[in-house]
There are 2 protein chains.
Amino acid sequence: MGKNLVGNHIRKLRFNHDEMTQQQLADKVGVTRQTIVALEKGKYSPSLELAFRIARAFHLPLEEVFFYQDNTKP
Amino acid sequence: MGKNLVGNHIRKLRFNHDEMTQQQLADKVGVTRQTIVALEKGKYSPSLELAFRIARAFHLPLEEVFFYQDNTKP
DNA sequence: ACTAAATGTAAACTTTTTTTTACATGATGC
DNA sequence: GCATCATGTAAAAAAAAGTTTACATTTAGT
């Protein structure tokens, strides 16, 4: 879709919560490290399924990890 | 990712909540009707961004429209 | 019966997400 | 100094998501 209106707290959560490395998170959610890098860097936003998996990895509801920045209809 | 572990209540919500047609919902969230059809039929799960938009269209948090069916780690 | 609106199906196509591979950098420990 | 670990970058390729077009079916209204 548009230009990445979805942000996330993955990096913070890795450190603050669980002190997880990119590789550990990647393994936990079943993707490659490059995917985690891309998400942290905001290159694109994940599939809904991956978003759920990541949220679960942090034991958080999805919307506490990913957030939508509203543009349309101000 | 895997084989569609994500379900949704789009169809119910269209009827029960807002009595919206597929076309109206499609317009509201900025995709084609075919995308809505595919999602309702469970052909695939949407991008995270689209999921946010759809949830917003129903004035609901994302996890009340989409849900993750756990498989791994029983 | 005819029409229009809502839905279903499908195939070819484009765009976005994810993988794979490979190399570079900074920090840490020994 | 060397090895290791965590991270960054990048590019080609595969896989999944989303578009477009077109036609079929069902349902409701007149």
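Note that residues are indexed from 1 along each chain, following the sequence as it is written. Whichever chain is written first becomes A and whichever ligand is written first becomes 1, with later ones labelled in order. Given that the model is predicted, a residue must reach a pLDDT of at least 70 before its local features are reported, and side-chain atom pairs must reach 80 or more before they are shown or counted; all residues, however, enter totals for whole chains, interfaces and linings. Side-chain numbers come from the whole structure's heavy atoms, not from hydrogens or water.

Student: Would you explain the pattern of salt bridges in this entry?
Tutor: Where charged atoms from two side chains of opposite charge come close, those side chains can pair. Note on definitions: salt bridges are taken to be side-chain nitrogens of Lys or Arg within 4 Å of carboxyl oxygens of Asp or Glu. One pass over the structure, following the stated rule, counts six salt bridges over all chains. Note that A:Arg14 is salt-bridged to A:Glu40, the shortest N-O span being 2.6 Å. Separated by 26 residues along the polypeptide, A:Arg14 in helix 1 (residues 10–18) and A:Glu40 in helix 3 (residues 33–40) bring together distant segments of the chain. Burial classes: relative accessible area under 20% of the type maximum marks a residue as buried, over 50% as exposed, and values in between as partly exposed (1.4 Å probe, protein chains only). The class of A:Glu40 is buried, set by a relative accessible area of 17%. Between B:Glu49 and B:Arg53 there is a salt bridge, with its nearest N and O atoms 4.0 Å apart. Note that B:Glu49 and B:Arg53 are positioned in helix 4 (residues 48–57) at a spacing of four residues, about one turn of the helix. When sorted by exposure, B:Glu49 lands in the same class as B:Arg53, which is buried. By sharing partners, the salt bridges in this structure join A:Arg11, A:Arg14 and A:Glu40 into a single network. Only DSSP runs of H or I with at least four residues qualify as helices, and only runs of E with at least two residues qualify as strands; both kinds are numbered from the N terminus onward.

Student: What is the right way to read helix 2 (residues 22–29) of chain B from this model?
Tutor: Given 3.6 residues per turn, any residue in an α-helix points the same way as the ones three and four places further on. Residues and elements named next belong to chain B. What helix 2 keeps buried is the set Gln22, Leu25, Ala26 and Val29. In a view along the axis of helix 2, the buried residues occupy a sector of 100°, so they form one face of it. With its phi angle positive at about 80°, Gly30 sits one or two positions after the end of helix 2. In this description, the arc belongs to the directions extending from the helix axis to the C-beta atoms.

Student: Looking at this structure, how should I read the nonpolar core?
Tutor: For soluble globular proteins, nonpolar side chains are generally found buried alongside one another. Nonpolar cores were defined as sets of buried Ala, Val, Leu, Ile, Met, Phe, Trp, Tyr and Cys residues, with membership established by side-chain atoms within 4.5 Å. By size, the foremost hydrophobic cluster in this structure holds 48 residues, and its most contacted members are A:Leu62, A:Phe66, B:Leu62 and B:Phe66. Throughout, a contact is declared for two residues whenever any of their heavy atoms are within 4.5 Å. Setting aside its immediate chain neighbours within four residues, B:Leu62 contacts A:Leu48, A:Phe52, A:Leu62, A:Glu63, B:Leu48, B:Ala51, B:Phe52 and B:Ala55.

Interpretation in functional terms is not warranted from these geometric data alone.
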